[in-house]
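Below, each chain spelled out in residue letters.
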Amino acid sequence: TGSGKTLSYALPIASQLKKREEEGKSNTVKGAPLALIVAPTRELAQQIMGVFKGMTHHLKLRVRDITGGDTSVKMKSVASGSYEILIATPSRVRSAIQKKELSLSQLRYVVFDEADQLFDMGFKKDLDFMIEYFDMNQAQFSFITATLPSEVENYIIEKFKEIKFEKVSSEGAH
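Let me sum up the structure you'll find in this document. Since we're looking at a predicted model, the values are computed, not measured. (Residues numbered from 1 in each chain as written. Predicted model: local features only at pLDDT ≥ 70, side-chain atom pairs only at ≥ 80, totals over all residues. Heavy atoms only, no water.)

## Here we look at the packing of aromatic side chains
Each pair of aromatic rings is reported with the distance of its centres and the angle of its planes. Counted under the stated rule, the structure contains 10 aromatic pairs. Between the aromatic rings of F112 and F134, the centroid separation amounts to 6.3 Å while the plane-to-plane angle is 75°, which identifies the pairing as edge-to-face. Here the residue F112 occupies a position in strand β4 (residues 109-113), and F134 occupies one in the loop between α6 (124-131) and β5 (140-144), the gap between them amounting to 22 residues. Judged on exposure class, the residue F112 and its partner F134 are both buried. Grouped by ring-pair contacts, the aromatic residues F112, F134, F141, F143, F160 and F165 constitute a single cluster. (Phe/Tyr/Trp six-rings, centres within 6.5 Å; stacked < 30°, edge-to-face > 60°. Helix = DSSP H or I, 4+ residues; strand = E, 2+ residues; numbered from the N terminus. Buried < 20%, exposed > 50% of the residue type's maximum accessible area, 1.4 Å probe, protein only.)

Okay, structure coming up:
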């Protein structure tokens, strides 16, 4: 809702990816992004894509998105191209992995935006599937949520046992 939530994770990710590039570590692996942003709806994914596109155009970072309703041509471009950032809905990530159009082997950053909604909307099976492909020692994970229902918090604790999470709140910030 215009509070800058997306920028709060997009700016640090873009900055770190640009730093990697300047160190000669450009991503050349096809279909294997360095950052994955998971959103519960196509509309939110498109909003996030707009924020990243606005920033990364000047940074020369490549961003792709895959959401429900995308054509097979678009899915093939995700599989055959190299890029740094992928914004996607959970079911599309699962489908792309199953079809070998997407690899999570290079991931350094994973953001679950509106994490509470991901559970409300029944994406738990897609998340369970994705988690099997994460390298917990390689990637940094973030769960962005307006509310943190105990169901969501318990899931995070259970599935990401080896990771110590920090709770950051914007309560009181205006």
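## A look at helix α1 (residues 5-22)
Under the 1.5 Å per step criterion, the end-to-end length of α1 is 27 Å for 18 residues, consistent within 8% with the ideal 26 Å. Among the residues of α1, those classed as buried are T6, Y9, A10, I13, A14, L17, K18 and R20. Axial view of α1: buried residues confined to an arc of 160°, hence all on one face. Exposed side of α1, more than 90 degrees from the buried face: S8 and E22 are the residues found there. Where α1 is buried, its residues touch β1 (35-38), α2 (42-59), β3 (85-88), β4 and β5. (Expected span 1.5 Å × (residues − 1). Arc of directions from axis to C-beta. Contact = heavy atoms within 4.5 Å.)

## Quick word on the sheet that holds β3
Taken together, the 5 strands give an open sheet; going across it, the order is β2-β3-β1-β4-β5, and neighbouring strands pair in parallel fashion. Each having just a single partner strand, β2 (63-66) and β5 make up the two edges of the open sheet. Across the sheet, the axes of successive neighbouring strands diverge by a mean angle of 15°, strand direction being ignored. Sheet topology places β1 next to β3; 4 bridges connect them, and they run parallel. Note on β3: the bridge partner recorded for I37 is I87. In the packing of α1 onto the sheet, contacts are made with β1, β3, β4 and β5, and the angle to β4 comes to roughly 170°. Lying over the sheet, helix α4 (residues 90-98) contacts β1, β2 and β3, oriented at roughly 100° with respect to β2. (Pairing = 2+ DSSP bridges. Axes fitted to C-alpha atoms, helices over the stretch in contact; angles between N-to-C directions.)

Everything listed here is a matter of coordinates, which is why it stays silent on function.
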